[in-house]
Amino acid sequence: MNTTTAESSSADRITRAIFEHATRISQEQEIEELVRLNADFARNLAGADRCSLWLIDTKSNELWTKVAHGVDPIRIPLGEGLVGACVNEDKVLLVNDITSETRLLRKVDQSSGYHTQQVLCVPLRAEGRVIGALQLLNKPSGFTEADAGLLGLLAHFAASAIDNERLRQEALGAKLMKHELNLARDVQARLLPQNPTGVLGLGCVGFCRPARSIGGDYYDLLPLRDGGFALTLGDVSGKGIPAAVMMASIQTLLRSLLQRGSEDLAGVLSELNRTLYVSSTAERYSTLFCGVISADRTKLTYVNAAQVQPMLLHSDGQLERLEGSGLPVAMMPEAVYEQSSAALRPGDLLVVVSDGIVEACNQEDEFWEEAEVDRIVLGHGVSDVLELPEKLCRAVDTYANGAEQYDDMTVVAVRIS
């Protein structure tokens with residue numbers, strides 16, 4: 001057989017092997033097996049003794065072996081060794097005489113007992129970036145440019161498999177997150193009460209527009225057994241299931257505490273705070289306004305735990321900001337809360353809003369002026385209380401002028417009949 005025929009036969013053999021390998025890996029679903037198949041095939045096709053596949057660990061700034069024939073997993077600082085140079089320089093490194101090769105990490109051989117003689121490294125690239133390298137070790141006849149070309153092809157297969165797995169994991173993570181958000185949104189929707197009707201001496205409305213699929217704001221409107229009426233507006237830190245669970249906890253606990261009929265609202269908030277703190281985490285807490293309107297509708301008792309100061313528009317047109325502040329609930333176990341009160345008269349309008357209303361921004365990242373909230377409330381003196389949330393949100397949207405809503409917008413309003 002002449003040289004040309006032999007080369008042609010060898011090329012045909014390699015081509016068939018590559019196509020068979022491509023078919024095989026296309027049917028493999030497990031990423032670990034995909035990577036191992038690529039490493040085995042690269043070693044066998046080139047006639048090398050060993051093959052290792054290295055990946056970049058950006059968190060630790062290291063290179064680590066996803067696959068390494070004959071040795072336990074290895075980690076080396078990023079940039080060290082021939083494989084580190086291959087990754088850093090994004091180029092093929094072919095060394096058939098390592099005698100004077102200063103970049104070789106001889107400590108790896110010393111720890112494993114292996115004797116490296118020849119090295120071929122090819123970068124792994126995915127979406128235009130280097131994610132690691134394939135490395136062949138020890139071929140008695142020496143590595144060739146043809147080996148480098150074949151290894152480059154296999155590196156493409158390996159990088160594609162790894163990147164596809166990354167994309168699959170990201171898609172799975174996104175799917176799981178969407179499922180979690182849907183669950184949380186459902187929990188939140190069930191927590192927000194319907195606007196109560198037929199409450200003696202009061203007109204009530206509650207409204208919440210989440211910034212995204214699930215928000216951190218919540219409210220409650222609760223007729224009490226003694227004839228009083230409780231209203232709550234809060235903002236839980238974070239989003240998703242954890243925030244929704246805290247909302248449910250606050251609503252359940254607070255409803256139970258309020259229905260006891262205690263006039264010590266500060267004590268109620270203190271007990272709520274201690275209970276939540278025990279079962280919460282450092283980053284999970286909630287701002288909260290809780291007010292109770294007396295059975296005869298002449299007095300509002302309230303506690304403000306770091307929520308936006310409510311507005312009380314009196315029937316004579318005077319607008320009063322209800323002062324008082326304290327720490328969010330579940331932030332500190334022994335937080336002290338201040339109880340305050342305000343006199344109520346027929347025609348008075350109590351308005352509580354979340355910071356999504358008062359801290360709305362326009363396209364230039366300029367905050368909406370709080371005076372604008374006051375202006376809208378002042379203009380609502382004799383209007384139907386049910387129309388107020390829509391009026392406030394419409395004004396916010398007009399000011400935002402298309403800017404994204406980054407925070408939930410919640411409004412609770414009560415008119416004294």
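These figures come from a predicted structure and were not determined experimentally. Each residue is numbered by its place in its chain's sequence as written, counting from 1. In keeping with the predicted nature of the model, local features appear solely for residues at pLDDT of at least 70, side-chain atom pairs appear and are counted solely at 80 or more, and the whole-chain, interface and lining totals rest on all residues. Remark: hydrogens and water are excluded; side-chain values derive from all non-hydrogen atoms of the structure.

1. Some details on the nonpolar core
- L231, L258, L269, L272, I293 and V329 are the most contacted members of the largest nonpolar core, which has 51 residues in total.
- It is helix α6 (residues 240-258) that provides the largest number of residues to this core, a total of seven residues.
- Those residues in contact with L269 that sit more than four places away from it in its chain are L288, C290, V303, V329 and Y337. Residue types Ala, Val, Leu, Ile, Met, Phe, Trp, Tyr and Cys, when buried and joined through side-chain atoms within 4.5 Å, form a set referred to as a nonpolar core. The cut-offs for exposure are 20% and 50% of the maximum accessible area for each residue type, with area from a 1.4 Å probe on protein chains only; residues under the lower value are buried, those over the upper are exposed, and the others partly exposed. Strands here are runs of E lasting at least two residues and helices are runs of H or I lasting at least four, both read from the DSSP assignment and numbered beginning at the N terminus. Whether two residues are in contact is decided by their heavy atoms: any pair within 4.5 Å suffices.

2. Here we look at the sheet that holds strand β8 (residues 217-223)
- Paired strands are those between which DSSP finds at least two bridges. If you walk across this open sheet you meet the five strands as β8-β9-β10-β11-β14, and the pairing is antiparallel. The sheet is open, and its two borders are formed by β8 and β14 (339-343), each paired with just one other strand. Taken over all neighbouring pairs, the strand axes of this sheet differ in orientation by 15 degrees on average, direction set aside.
- In this sheet, strand β9 (residues 229-236) lies alongside β8 in antiparallel orientation, the contact comprising seven bridges. The residue of β9 that forms the bridge with D220 is T232. Throughout, an axis means a line fitted to C-alpha atoms (over the contacting stretch in the case of helices), and angles, computed between N-to-C directions, take values from 0 to 180 degrees.

3. Let's talk about the pattern of salt bridges
- By convention in these notes, a salt bridge is any Lys or Arg side-chain nitrogen within 4 Å of a carboxyl oxygen on Asp or Glu. Applying the stated criterion to the full structure yields 19 salt bridges.
- We note a salt bridge from D316 to R345, for which the minimum N-O separation is 4.0 Å. Of the two residues, D316 sits in the loop between β12 (311-313) and β13 (319-321) while R345 sits in the loop between β14 and β15 (349-353), which places them 29 residues apart along the sequence.
- D316 sits in the exposed class, given a relative accessible area of 52%.
- Connected via shared salt-bridge partners are R36, D40 and R43.

4. Focus: the pairing of strand β1 (residues 50-57)
- With seven of its eight residues buried, β1 lies for the most part within the structure.
- Bridge count for β1 against strand β6 (residues 129-137) is six bridges, and the pairing is antiparallel. When the bridges of β6 are listed, L55 appears paired with G132.
- Hairpin geometry of β1 and strand β2 (residues 62-68) is characterised by an intervening segment of four residues between the two adjacent antiparallel strands and by a positive phi of about 60 degrees at N61.

5. Here's the deal with the sheet that holds strand β5 (residues 119-126)
- Spatially, β3-β2-β1-β6-β5-β4 is the arrangement adopted by the six strands of the open sheet, whose pairing is antiparallel. The strands lining the two open edges of the sheet, one partner per strand, are β3 (75-77) and β4 (93-95). Within this sheet the neighbouring strands show an average axis-to-axis angle of 25 degrees, counted without direction.
- With six bridges joining them, β1 and β2 adopt antiparallel strand pairing. Across the sheet, L53 pairs through a bridge with V67, a residue of β2.

6. Brief notes about the environment of E372
- Inspection of the secondary structure assignment puts E372 in helix α9 (residues 370-378).
- Under the relative-accessibility criterion, E372 is labelled partly exposed at 26%.
- Spatially, the C-alpha atom of E372 lies 8.7 Å from that of A395, the residues being 23 residues apart in sequence.
- Here the side chain of E372 touches R375 through a polar contact of 3.0 Å, side chain to side chain. Whenever two N or O atoms come within 3.5 Å, that pair is a polar contact, provided that in protein one can donate a hydrogen and the other can accept it, and provided that, for residues adjacent in sequence, both atoms are side-chain atoms.

7. A short note on the pairing of β9
- For β9, the buried fraction is high: eight of the eight residues fall into the buried class.
- The hairpin formed by β8 and β9 contains five residues between the paired strands, and G227 there has a positive phi angle of roughly 100 degrees.

8. Considerations on the side chain of D217
- Looking at where D217 falls in the secondary structure, it is placed in strand β8.
- For D217, a relative accessible area of 0% translates into the label buried.
- A distance of 2.9 Å separates the side chain of D217 from the side chain of S354, its partner in a polar contact.
- Reaching out from D217, the side chain makes a polar contact with the side chain of T410 at a distance of 2.8 Å.

9. Looking at helix α7 (residues 265-279)
- For a helix, the expected span equals 1.5 Å multiplied by the residue count minus one. When the terminal C-alpha atoms of α7 are compared, their 22 Å separation across 15 residues agrees well with the 21 Å that a helix rising 1.5 Å per residue should span.
- For α7, the complete set of buried residues consists of L265, A266, V268, L269, S270, L272, N273 and L276.

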